[in-house]
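Here is how the chains run, residue by residue.
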Amino acid sequence: MPTLAAPPLAAEPEVRPVPPIAHSGRRHRLKTSPLSFAANPALFAATAFAAGILSARYVPPHPPLLELLLLLAAAILAAIASRRAPRIVLAPLAAVWLITGMICAAIEPSPDPQTALIAATGRAPRVFTGEVFRLGTPRMEQIVAPFSNKVSEEYSQQIDISLDHASVESFPIARGWHRKAPPAAITRPSPQQSPDMAPLTGGVRLTVYAPTSAELPSLTCGTAMQVKLAVHQPDRFLDPGVWDARAYLLAEGIAAAGSARATEVTILPTTTARHLSRSQSFHCRLYQLQQAASSRIAAFAQTQSPRIPRLLSLSPDDAAMLSAMIAGDRSWLNRRIRIGFERTGSFHLLVVSGMHLAIFAGLVFYAANRIRLSRALSTVLTIALSFAYALCTGFGQPVQRSFWMVALYLLARLFWRERNGLNAIGFAALCLLATSPRALFDAGFQMTLLSVITVAGIAAPIAERTFGPWLRAVGNLSDVELDVELPPRIAQFRINLRRLPERLEPLTGARLSRSIVPLSLRFALLAAELLLVSATIELTMSMPMAIYFHRITVMALPVNFLILPLIGLLLPAALLTFLVLLCSKALAIIPAALAALLLHLVVGLIQHFGHLAAADLRIPSPAPWAIAAFILLLAFAVWAARRLGVTAAVLAMLAAAAVAIIPRPVPHPSGALEIVAIDVGQGDSLLVITPDGKTLLIDAGGSPFGPPPGTSNFEIGEDVVSPVLWSRGIRRLDAVALTHAHADHMGGMPAVFANFRPREFWIGHNPHSKLYDALLQQAAELHTAVHLHSAGDSFLLGAATRVQVLAPEPNYQPGPTPTNDDSLVMRLVYGNTSAMMEGDAELPSEERMLQDHQVSDRQVENQQPLEQKFENQHPKAQQLASLQKKAAPPRPDCATSTTLHSDLLKVGHHGSRTSTNPAFLAAVAPTYAVVSVGARNFYGHPRREVLQQLQDRKVQTYRTDTLGFEDFLLDGIHVTRRPPPANP
C-alpha cells in the first residue's frame, strides 16, 4: 500500500510556560531585572547566535577560512573594546556570537542522503535483510480493496528496519499487477530461493499485514529479519506550503517504504545480527517502553466494568488521550479526537509537552521544598525525576527539548536565583541551539521559546507592577515582622486583612473567619495571574499559529484559563492511575475514576468551545513583512514591560497579534489568468486566479481507498489543498467547482468548504450519494450559493475571464452511481488564450462535445466579442497576435472546431485511454497539457498511448507525479509555464 506519513504531531502547538511566578513571602520586593547586556548576557548571546544560524540559511556560503578569520577579528575587536571602549563592546561581541552561529550551522551534519537505497527503490521487489530498530503498535485496520467497495479487517504493524544487505537482482512482477492488486500482493519467489546478496545500508519503514486468522511476526528491538518487498521513496506532495513527509522521514533515518504480508517476513538467527548502534537500540527500547505503557492503559479501559458510570469510566478514546498525555504515545489519536483541541488552540494540553513536564517538575520541586531539602538538592532531584519521566514518554525530539529547557532553566535559576529569568532562558536556548542549530527552524522549538520568553519577559514584569506585591502580601499574615520592611500601603493592607476576620467572626466563626478572607483573596489573585499568563501566551502564539496552523484561536484564552487548573489535577491523577495499574487493576479503579471525571470535564469544555463558529477561523500565511514586524513588536513589548510600563507593553502585544492576522491581498499576476494544477496524488485539483484576483478551485482531490473519514491523521483537503491556498494568501474562495462526484475529485471538498467558505458552488448533473449530499448540506449551512451548470452556459469570472460550459448536456440524466461522463467540462477564456478543464470526461462525452461544436467559420466569427474587446483594451495585443499568426503554421482541424480549441488542456481522466481520443485532441489542439496523476497508482495512468498522441502533436506535457504542481499564465496572447519553486 502507498505509505504516507502524517505530519509530525511534534509540530503541533506546544505551549510550554516556565514555572509560575514565585510568591514565597520574602521580605524584599521581587524586582525585575533591566533589559541590558550586563543583566542578561546569555539572552543577548543567544539572540546573536540565532541570527547567525538564520543568516547561514539565506546568505550565500562563504569559505570556512574566511569565517574563521572574521571570527578571530571580531574576537580581537571585542577584547580591545572591553578595555579601551566598553561602551561599544556589545557590537563586536554580537558579531562573535553571530559568526559562531553561522559556523555551527554550517558544520552541523545533514541527514544521511542514503543515495544507494534510494537508487534501489522501484516497483520490482527485492529481498532485504536487516534489523528492527523501531516497532509500532500492532492494530486492527479496515482495508478497502482497490476497484471495490469491499472493506476487510486486517492486522497491521509498522516496523523500521536498518538494512545491511539486499538481493543483487530484482524479481519479475506479474504483468498487470497494478490493475489487479496492491504491491503487497505481488507474486514473489518461494522462501526456498536464496538470491545473491550485496551490502546495502539505509532505513526502510515496513508495514506488515496479516489476516485476522493469522498472527503478525513476533519481533523485538534488534531482531534480524529478511523480507521480500518492493520499496519506494516515501510519498510526498510537491506543492508549496505542504509539509514534506519525505524530508522528515529522511531526518529520522528512513529513506524508503514498503508493505508486505506476514508470510513474506522471515526471522533470521541471532548469530546473523549486525547489532544496532547504541543510539538506535536505546531509542527502540524507549519506544517499546512507551508502547507497553499505552497498551496497558488501553487494555485497562477495555476491561472496565459496565456497571461503572460512564462519567467515571475510561473509554478507548479516553485511553488514547491518557496515553498521549502521560506516555507520549500519539499513535492512537485520530483526527476525530484531535479536532476540538486543535480548534481551540489547546492541543498542547492533550499531549506530552513542555507544560506537562513543567507541571511534573513543579510538583517534584514543591514536594522537595515541603520536606525542606536544600535548593541545590531540590534542583538535582527535580531534574533527575523529570529525566526519568521524559524517558518513559519515549524521549522524542519535542520531549528532549522540553526536558533540556526545564533542566537548563533550573540550573541557571540555581545560579541567578529568581532575578534573571530571561538570562536563564537565554542560557537554555543557547545550549540547545549550539547542540542542534537546525532546531531554530522547528515549530515546536520556536513556540517553546516564545512562550517562556513571554512569561518571563512580559507577564512577570506586568504582574510585578500590578498585583504581584498584593499576592505576596496575602501570605504569612501571622508574621508581623514583615510589615516593617514593606511599603506603607502593602503593610496597611496586611493589617486590614488581620482585622477583617474580627468583623466576620459572628457570622462564620473564629477559625473560618481567619482563613476565608486570605484564601479568597489569594484565589482571586492567582486567577488573575493565570489569566495574565494565558493572555500573554495566546497573544504571542498568534504568529506561530498563523504560520504553521493557519488558525485564529479565538477560544484559546477562555479554554486555557478554564482547563489549565483541571490539567494540573488531571496529570497527577493520570500518573497515579498508571502507577497503581502496574501493581493491581482492581486498585487502579479508584484513581482511574478521578482521572476519568477530570478528563471528561476537560473534553466537555473543549467540545463546547470547539463547536462554536468563532473557534475555527482559518487564515493564510502572513507576509514576510508581517513576521518581521511581529518580532520587532514582541521585542519592544519585552523592553517596554520593564521601562515604560504596563500600558505600553500591552499595546505592543496587541499590535503584534493584529499584525499576525491582518488580511493581505491575494498576490496575482497583473494582466494574466493563472491556472495551477495542484499535486494531490491520484486525483484532481486546479486553482484559477483571474487578473483581478478572483479565485476558483476546481475539484479538491481525494482517494477512493483508505480508512473511513475521521479515523486517519491525514486528510487531503486539510493537509494538501488548504496549505497550497493559504500559501497563496487566499482567505476565502470566490467559487468552487466540482466536476463530478467521485472521491478522487471531491474527497477534500469538506475541508475546503470549512476553511475557505466559498461564495459559489458550481456543479453539474450528479447522482445522489452520501458524500455528495453531505457536501450540498455543508454548502447550505455556509450559505454558499449552489449553481447547476450544463453545456451552453457562458458567464464571466471577474471582469475579463469567460467561463464556457461544454458538458454535460442540459438534458443529461446521470445513472444511479457517479460516472466519469458526469464531468462538468469548462473552457476558460482570457483574451486570445484559453484553457480546457476536462475533468474525467470519457469518449462518449468528448464525442458529444465534438458534435455540438462543429460550427461554420461565419458562426465562429460571431463568437469573438470577448477577444475583440481584449484587443481593444490592449493596444499591443493585436500587433503581437498578428505577428504570432504569421510566424505559426496553420492548425489543422481548427477550422471547424474553433470553440473547442484551447492553448492549455487538463488531460481527461488522468491520462486514461478512455479519454483524450485523437479527434477530440485534434479539435482542442493545445500547446500545453497537464496530467494530474499519482505516483505508483493502481490504474497505470497516464497511459502510454495517450502520452504518445500528445508527443506526436508536439504538445508540451507536464505530470504532477514527477514534477509536482504546475503553474501556467495566460496573458491573453500566449501561454507561459512558471518554473517550480526551488523547495516545493
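All values derive from a computational prediction rather than experimental measurement.

Engineer: Can you explain the pattern of salt bridges? Please cite residues and give values.
Structural biologist: Tallied over the full model, the rule gives 16 salt bridges. With a closest N to O distance of 2.9 Å, D160 and R205 form a salt bridge. Linking D160 in strand β3 (residues 151-167) with R205 in strand β4 (residues 197-211), this pair joins segments that are 45 residues apart in sequence. Each member of the pair, D160 as well as R205, carries the same accessibility label: buried. Across the pair E718 and R618 runs a salt bridge, and its minimum N-O distance is 3.0 Å.

Engineer: Outline the sheet that holds strand β23 (residues 966-970), supporting the account with residue identities and numerical values.
Structural biologist: Taken in spatial order, the 8 strands of this open sheet run β15-β14-β13-β12-β11-β10-β23-β24, and their pairing is mixed. Of all the strands in the sheet, just β15 (785-788) and β24 (975-978) have a single pairing partner and so form its edges. Neighbour-to-neighbour, the strand axes of this sheet turn through a mean angle of 20 degrees, independent of strand direction. By the bridge criterion, 4 bridges tie strand β11 (residues 686-689) to strand β12 (residues 695-698) in an arrangement that is antiparallel. Across the sheet, I689 pairs through a bridge with T695, a residue of β12. Most of the contacts of helix α26 (residues 749-756) go to strand β13 (residues 735-737), to which it runs at about 175 degrees, and overall it touches β12, β13 and β14 (760-763).

Engineer: Any chance you could break down the state of the cysteines for me, citing the residues and the numbers?
Structural biologist: One pass over the structure, following the stated rule, counts 1 disulfide. Residue C221 pairs covalently with C284 via a disulfide, S to S 2.0 Å. When the S-S torsion is -90 degrees, as for the bridge of C221 with C284, the disulfide is left-handed. Linking C221 in the loop between β4 and β5 (224-229) with C284 in helix α7 (residues 278-302), this pair joins segments that are 63 residues apart in sequence. Neither C221 nor C284 differs from the other in exposure class; each is buried.

Engineer: Quick one: what's the story with the side chain of S294, residue by residue and with numbers?
Structural biologist: Topologically, S294 is positioned in helix α7. If we skip the residues at most four places from it in the chain, S294 touches S323, D329 and W332.

Engineer: Before we move on, can you summarise the packing of helix α1 (residues 41-58) against helix α3 (residues 90-107) with the specific residues and values?
Structural biologist: It is the contact of α1 with α3, at a shortest axis distance of 7 Å, that shows an interaxial angle of 45 degrees. With respect to their mutual orientation, α1 and α3 come out oblique. Crossing handedness for the pair α1 and α3: right-handed. Together, A45, A48, F49, A51, G52, I53, S55 and A56 of α1 and A94, W97, L98, T100, G101, M102, C104 and A105 of α3 make up the contact between the two elements. By residue class, the composition of the contact of α1 with α3 is 12 nonpolar, 4 polar and no charged.

Engineer: Can you lay out the packing of helix α15 (residues 443-465) against helix α23 (residues 646-661) for me, pointing to particular residues and giving the numbers?
Structural biologist: Here α15 crosses α23 at 145 degrees, and the two axes come no closer than 10 Å. As for the relative orientation of α15 and α23, their crossing is left-handed in sense. Residue-level contacts link T454, I458, I462 and R465 of α15 to V646, A649, V650 and M653 of α23. Per-class residue counts for the contact of α15 with α23 are 6 nonpolar, 1 polar and 1 charged.

Engineer: Can you explain the pairing of β5? Please cite residues and give values.
Structural biologist: Here β5 lies mainly inside the structure; 6 of its 6 residues are buried. Burial along β5 is two-sided: A224, Q226 and K228 and M225, V227 and L229, pointing in opposite directions, are all buried. As paired strands, strand β1 (residues 126-135) and β5 are joined by 6 bridges and run antiparallel to one another. Across the sheet, residue E131 finds its bridge partner in β5, namely A224. Bridge analysis of β5 against strand β7 (residues 265-267) gives 3 bridges, and the strand direction is antiparallel. Paired with M225 across the two strands is I267, which belongs to β7.

Engineer: Please set out the nonpolar core residue by residue, giving values where relevant.
Structural biologist: Ranked by size, the top nonpolar core spans 58 residues in total, and within it M321, I326, L333, F341, I567, L570 and V602 carry the most contacts. Top contributing element to this core by residue count: helix α20 (residues 556-581), with 11 residues. Judged by nonpolar contacts, the second largest core, of 57 residues, contains A50, L408, I425 and I462.

Engineer: Provide a residue-level description of α3, including the pertinent values.
Structural biologist: An ideal rise of 1.5 Å per residue puts 26 Å on 18 residues; α3 measures up with 26 Å between its terminal C-alpha atoms. Listed as buried for α3 are P92, V96, I99, G101, M102, I103 and C104. The elements touched by buried residues of α3 are α1 and α2 (64-84).

Engineer: For the sheet that holds strand β19 (residues 833-837), give the residues involved together with the corresponding values.
Structural biologist: Read from one edge to the other, the open sheet built from 7 strands follows the order β16-β17-β18-β19-β20-β21-β22, with strand pairing classed as mixed. Every interior strand has two partners, whereas the edge strands, β16 (794-797) and β22 (956-959), have only one. For this sheet the average axis-to-axis angle between neighbouring strands, irrespective of direction, equals 20 degrees.

Thresholds applied
Residues numbered from 1 in each chain as written. Predicted model: local features only at pLDDT ≥ 70, side-chain atom pairs only at ≥ 80, totals over all residues. Heavy atoms only, no water. Salt bridge = Lys/Arg side-chain N within 4 Å of Asp/Glu carboxyl O. Helix = DSSP H or I, 4+ residues; strand = E, 2+ residues; numbered from the N terminus. Buried < 20%, exposed > 50% of the residue type's maximum accessible area, 1.4 Å probe, protein only. Pairing = 2+ DSSP bridges. Axes fitted to C-alpha atoms, helices over the stretch in contact; angles between N-to-C directions. Contact = heavy atoms within 4.5 Å. Disulfide = S-S within 2.5 Å. Parallel < 35°, antiparallel > 145°, perpendicular 65-115°, else oblique. Left-handed = near helix turned anticlockwise from the far one by under 90°. Nonpolar A, V, L, I, M, F, W, Y, C, P; charged D, E, K, R; others polar. Core = buried A, V, L, I, M, F, W, Y, C linked by side-chain atoms within 4.5 Å. Expected span 1.5 Å × (residues − 1).

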